[in-house]
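Listed below are the residues making up each chain.
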Amino acid sequence: MSMVRHIRQGEHLAPHHYGLDEPQWRAMINATPGWFIAHWCDDSRAHALFLDQETPLLVSTPLIDGRYFALSATIPAASWPERMAQDLWGCLPLGAAETEPALDHGGWASISPLSQRSVPSDHTPPDTGFREGLHSDMAPLAWGARKIMPGGAHTGLMQHVHGRKPEEALKIIGRSTSAAFVSAPLAYSRAVEQALGLVPSDAVRDARTILAEIERITVHCRDIALMARLTGFSLLDTHASLAEDLCAELCAQHGASRRLIDAISPEGIAAGIDICPLAHAVHDAMMPRLPILEGLHGQMAEMLEGLGVITASTAERFCLGGLIGRASGRSFDLRQLEDDRRHVPGRAGSRLAGDGWARQSLRLDEIRDSLRRIERIASQFASPLPLPPPTPTGSGEGIGAAEGPHGDLWCWVRLQNSRLESIMLRDPALATLSVLPALLQNRWEDRLVLASLGYDPGGAEQ
């Protein structure tokens, strides 16, 4: 019996949300694992998000004396989220694969800061943070891999947005990670809209899609440039950096910010963005540059083949999506699951090798695919953007998702009297964190592997 079937036998608490008691939760853990997305806790319940075919499925269980049975007993990808929940909420996962602190290494001002039971801490901050530790202070484990010690990039995002109005939290979430200035607020906006029963117009959905695809192109160009810089291919670095800068300049010329910060708004997109001319300008400027990037990129093959290999079975075991999963043969793209299928992606497809070369090649494939998608949407963009609606109010739960440049972002919100009572934002970097110890083998290659993955510690540690 699968986890999904166990979940659907629980009490229906909200749309897509089922509650299980402790025996039911334990039976679910011991069932055939489902498509795991996220795990988090609060003061009263442990939560887990799965994907059933095309439907997100949220399950939760009450904490008993602050304890619950650990998902990581059968789902390896749940281990880091469990450890983070333990640091933030003080929840103890019974039978967990690991219970060592993930974020709090003795430097926080309070213990379990998100919990109502939080108390001040008398610890002093450590001297080194995550980024320094990632490259310098990770002691080799017995089998030669490295021990990951995150924490320095943690920003306390959940604490900053708790209790705020949805439109206030949107600005904070839109700055949570530099690779998701569009996709993170888009996932959040979709969650809020579902919670309040709002359905964006076709024009709003199309405009948001164009912005998301421009972000994908820009971030892929940035990642390609970084890979070229680290491997000594300066000409490719120059051309990819110029392409990124060109997209940023076109955004600024058409009413948006260079990095599309605050481009997603409660009304749909920010006022003043000339969306169709922007779409055509990016398409027309980038298409002639693609053959140059593709030609120069081919010279990197020898250095990237076999780098940071993630097998298909590893991608499946740790529930890796996004470009990393697709480069390892796991063909999952959230854009294929969107309600509006008029403008689904083309056929960038997936790769099988799962190495740095597969990921780099897929980036270029996806840039071309995104340009085609932008042109197709802009050419059919008949409806003007509607006038801004009144500020939404109400209570409810909602789940939203968006396919960002580095993978699938998920958000769950619970609104009470038009304020955020609870929220979860899951960045794809959190899933990637699980496979890093096996990939980081020597100090010279570590930066190259991380760049190949597009890994951002800030996204993993929110």
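This is a predicted model, so every value here is computed, not measured.

Undergrad: Give me the lowdown on the packing of aromatic side chains, citing residues and values where you can.
TA: According to the stated counting rule, one finds 3 aromatic pairs in the structure shown. For the ring pair F36 and F50, a centre distance of 5.9 Å and an interplane angle of 75 degrees mean the geometry is edge-to-face. Remark: F50 occurs in strand β4 (residues 45-52) and F36 occurs in strand β3 (residues 35-41); sequence separation between them is 14 residues. A residue is classified by how much of its surface remains accessible, and F50, at 1% relative accessible area, is buried. Looking at R83, its charged tip hangs above the ring of W80, at a distance of 4.2 Å from the centre.

Undergrad: So what's going on with the packing of helix α11 (residues 290-297) against helix α15 (residues 356-379)? Residues and values would help.
TA: Put simply, α11 and α15 touch, their axes get as near as 11 Å, and they point 170 degrees apart. Here α11 is positioned roughly antiparallel relative to α15, judged by the angle of their axes. Of the residues in α15, those touching α11 at L290, P291, L293, E294 and H297 are W357, Q360, S361, L364, I367, R368 and L371. Considered class by class, the residues forming the contact of α11 with α15 number 7 nonpolar, 3 polar and 2 charged.

Undergrad: Mind laying out the sheet that holds strand β12 (residues 396-404), listing which residues take part and the relevant values?
TA: Two strands in a sheet stick together by hydrogen bonds in their backbones, pointing the same way (parallel) or opposite ways (antiparallel). The 3 strands are arranged β12-β13-β14 in an open sheet whose pairing can be described as antiparallel. Only two strands of the sheet have a single partner each, and these edge strands are β12 and β14 (419-426). Taken over all neighbouring pairs, the strand axes of this sheet differ in orientation by 15 degrees on average, direction set aside. Packing of helix α7 (residues 183-196) onto the sheet brings it into contact with β12, β13 (407-416) and β14, and relative to β12 it is tilted by some 155 degrees.

Undergrad: An account of the packing of helix α9 (residues 234-253) against helix α10 (residues 275-286) is needed here, citing residue identities and associated values.
TA: Contact geometry for α9 and α10: axes closest at 10 Å, N-to-C directions at 160 degrees. Classed by the angle they form, the pair α9 and α10 counts as roughly antiparallel. Where α9 crosses over α10, the two elements pack in a sense that is right-handed. Two secondary-structure elements touch here, α9 through A243, L246, C247, L250 and C251 and α10 through L278, A281, V282, A285 and M286. Of the residues belonging to the contact of α9 with α10, the class tally is 10 nonpolar, no polar and no charged.

Thresholds applied
- Per chain, residues are indexed from 1 in the order of the written sequence.
- Per-residue local features of the predicted model are confined to residues with pLDDT of at least 70, and side-chain atom pairs are confined, for both listing and counting, to 80 or more; whole-chain, interface and lining totals are unaffected and use all residues.
- Hydrogens and waters are ignored; side-chain quantities use all the structure's heavy atoms.
- Ring pairs shown here join Phe, Tyr and Trp side chains whose ring centres sit within 6.5 Å, with only the six-membered ring taken for Trp; geometry is labelled stacked below 30 degrees between planes, edge-to-face above 60, and tilted in between.
- In this description a helix means any DSSP run of H or I spanning at least four residues, a strand means any run of E spanning at least two, and both kinds are numbered starting from the N terminus.
- Throughout this description, buried means an accessible area under 20% of the type-specific maximum (1.4 Å probe, protein chains only), exposed means over 50%, and partly exposed covers the range between.
- Counting as a charge over the ring demands two things of the Lys NZ or Arg CZ atom: a distance within 6 Å of the ring centre and an angle within 35 degrees of the ring normal.
- Fitted lines through C-alpha atoms give the axes, limited to the stretch in contact for helices. The angle between two N-to-C directions lies from 0 to 180 degrees.
- What sets the label is the angle itself: under 35 degrees gives roughly parallel, over 145 gives roughly antiparallel, 65 to 115 gives roughly perpendicular, and the rest give oblique.
- Contact criterion: two residues are considered in contact whenever any of their non-hydrogen atoms come within 4.5 Å of each other.
- Under the scheme applied here, ten amino acids are nonpolar (Ala, Val, Leu, Ile, Met, Phe, Trp, Tyr, Cys and Pro), four are charged (Asp, Glu, Lys and Arg), and all others, including Gly, are polar.
- In this scheme, strands are said to pair when DSSP sees at least two bridges between them.
- Here is the rule for handedness: rotate from the far helix to the near one, and if that takes an anticlockwise turn smaller than a right angle the crossing is left-handed, while a clockwise turn gives right-handed.

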